[in-house]
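One letter stands for each residue in the lines below.
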Amino acid sequence: APVAVGMAVRPVLLVLVAASAVLPARDPLLNVCMDAKHHKTEPGPEGRLFDQCSPWKDNACCTANTSSEAHKDQSNLYNFNWNHCGVMPPKCKRHFIQDTCLYECSPNLGPWINQVDSSWRRERILHVPLCKEDCEEWWEDCKDFVTCKENWHKGWNWATGTNRCPWGSMCRPFSEVFPRPKDLCEKIWSNSYKYTTEHRGSGRCIQMWFDPAQGNPNVVVAKYYAWKKRSSPAGMENVVPESDQAMCALPWSVLVLLPLSLVLLPEVARGSGSHGWGFL
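Throughout this description, residue numbers start from 1 for each chain and increase along the sequence as written. Side-chain atom pairs in this predicted model are given and counted only at pLDDT of 80 or more, local residue features only at pLDDT of at least 70, and totals for whole chains, interfaces and linings cover all residues. Only heavy atoms go into the side-chain values, all of them from the structure, while hydrogens and water stay out.

Quick word on the state of the cysteines
In this description, the term disulfide denotes a pair of cysteine sulfurs within 2.5 Å. In total, this model carries eight disulfides according to the counting rule given. Put simply, C33 and C61 are joined by a disulfide, and their sulfur atoms are 2.1 Å apart. Between C33 and C61, the disulfide has an S-S torsion of -90° and is therefore left-handed. On the criterion of sequence distance, the pair formed by C33 in the loop between α1 (2–22) and α2 (64–69) and C61 in the loop between α1 and α2 is long-range, its members being 28 residues apart. We note that C33, like C61, is buried. There is a disulfide in this structure between C53 and C101, and the S-S distance comes to 1.9 Å. Where C53 bonds to C101 through sulfur, the torsion about that S-S bond is close to -80°, and the disulfide is left-handed. By definition, any uninterrupted DSSP run of H or I lasting at least four residues is a helix, any uninterrupted run of E lasting at least two residues is a strand, and each is numbered from the N terminus. Using a 1.4 Å probe on the protein chains alone, a residue whose accessible area is under 20% of its type maximum counts as buried, one over 50% counts as exposed, and one in between counts as partly exposed.

Next up, the structure:
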């Protein structure tokens, strides 16, 4: 009887293995575009992306038109004007354009996408871990620029159709509004970003910009945090229980078909006893 059951297990396992080969695993946190105003539904190659958005041309969530608009002082993307407290210096503006390109074009922000109830988007990013250098260079190049607001997501005066400083606010240096790089990166877009002490190339932080000739470093970062998020509800623990590791190692198609195999196994075992199946 044990031999018959053992032989009966084999065809079921063969079915599972075949299914995993036919149905490749697809992680919903990886290589995805968020459901927002200008994003494509799925990432893919773009023939030409403009200037600072060009690193994403091989696999982008943005279109060429979006990448071009991201570079304008008065962009049609959100009618947002960088020059609300005077002209923003080019060295500072460069970081805001990179920030826009990352947000609009990157397919590697899946682990930080959250649902929102908004008139112009259904999803947003939250607590994306920015590399230390990206955050600090952003602050250093903008510290002498002036602004009237700490949170640029909301609270503007839109009476003219574009963002103006709210009544009673004062234009102050960035270094006063954002005393530290951490303040700038985390507060300016309602915690879309999180300041980290991780360095570029560590595989543990997102780079706002990169050299496409060296490949996209954010791919491996997204994979790491996707695994981390799956491994614990809070996405905080680094250690995965041994049993969870075994389950995570199985392709999703095997996990889906496993209950079916458990139903079929007794029937197969009974059939092997009466018909003498001879599978290897």
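What about unusual backbone geometry?
One non-glycine residue, N31, lies in positive phi territory at about 55°. Relative to the helices and strands, N31 resides in the loop between α1 and α2. Backbone geometry at N191 places phi at a positive 65°, although glycine is not the residue there. With respect to the element layout, N191 can be found in the loop between α6 (181–187) and β6 (193–195). With relative accessibility at 34%, the residue N191 sits in the partly exposed group.

Description of the environment of V177
Along the chain, V177 turns up in helix α5 (residues 174–177). The spatial distance from the C-alpha of V177 to the C-alpha of K149 is 7.4 Å, given a sequence separation of 28 residues. Apart from residues no more than four positions distant in its own chain, V177 is found in contact with T147, K149, E150 and R172. Residues count as neighbours in contact if any of their non-hydrogen atoms are within 4.5 Å of one another.

A look at the side chain of N163
Inspection of the secondary structure assignment puts N163 in the loop between β4 (146–147) and β5 (172–173). We classify N163 as buried; its relative accessible area is 2%. Polar contacts here mean pairs of N or O atoms no more than 3.5 Å apart (in protein, one a potential hydrogen donor and the other a potential acceptor; neighbouring residues in sequence count only if both atoms are side-chain atoms). A polar contact is formed between the side chain of N163 and the side chain of T162, at a distance of 3.3 Å. The residues contacting N163, other than those within four sequence positions of it, are N79, F80, N81, H84, W156, N157 and W158.

Some points on the pattern of salt bridges
We define a salt bridge as a side-chain nitrogen of Lys or Arg found within 4 Å of a carboxyl oxygen belonging to Asp or Glu. Applying the stated criterion to the full structure yields 11 salt bridges. Across the pair R94 and D141 runs a salt bridge whose closest N-O atoms are separated by 3.1 Å. Highlighted residues: R94 in helix α3 (residues 90–105) and D141 in helix α4 (residues 132–142), separated in sequence by 47 residues. The exposure class of R94 is partly exposed, given its relative accessible area of 33%. Among the ionic pairs, K143 bridges to E140, the shortest N-O distance being 2.9 Å. Of the residues examined, K143 reaches a relative accessible area of 25% and is grouped as partly exposed. Residues joined by salt bridges that share partners form a network here, namely E150, R180, D183 and K187.

Regarding the packing of aromatic side chains
Here the aromatic set is Phe, Tyr and Trp, taking the six-membered ring for Trp, and pairing holds for ring centres within 6.5 Å; pairs whose planes are under 30 degrees apart are stacked, those over 60 apart are edge-to-face, and all others are tilted. Counting across every chain of the model gives 19 aromatic pairs. Ring geometry for Y224 against W227: centres 6.1 Å apart, planes inclined by 40°, an arrangement best described as tilted. With Y224 and W227 both in helix α7 (residues 218–231) and three residues apart, the pair spans about one turn of that helix. Note on Y224: relative accessible area 17%, which makes it buried. Owing to a relative accessible area of 27%, W227 belongs among the partly exposed residues under this scheme. An aromatic cluster is defined as three or more aromatic residues linked by ring pairs; in this entry it consists of F80, W82, F96, W138, F145, W152, W156, F174, F178, W189 and Y193. Its end group placed over the ring of W156, K149 keeps NZ or CZ at 5.6 Å from the ring centre. Over the ring of Y224 we find R204, and its NZ or CZ is 3.6 Å from the ring centre. A ring has a charge above it when a Lys NZ or an Arg CZ is no more than 6 Å from the ring centre and no more than 35 degrees off the ring normal.

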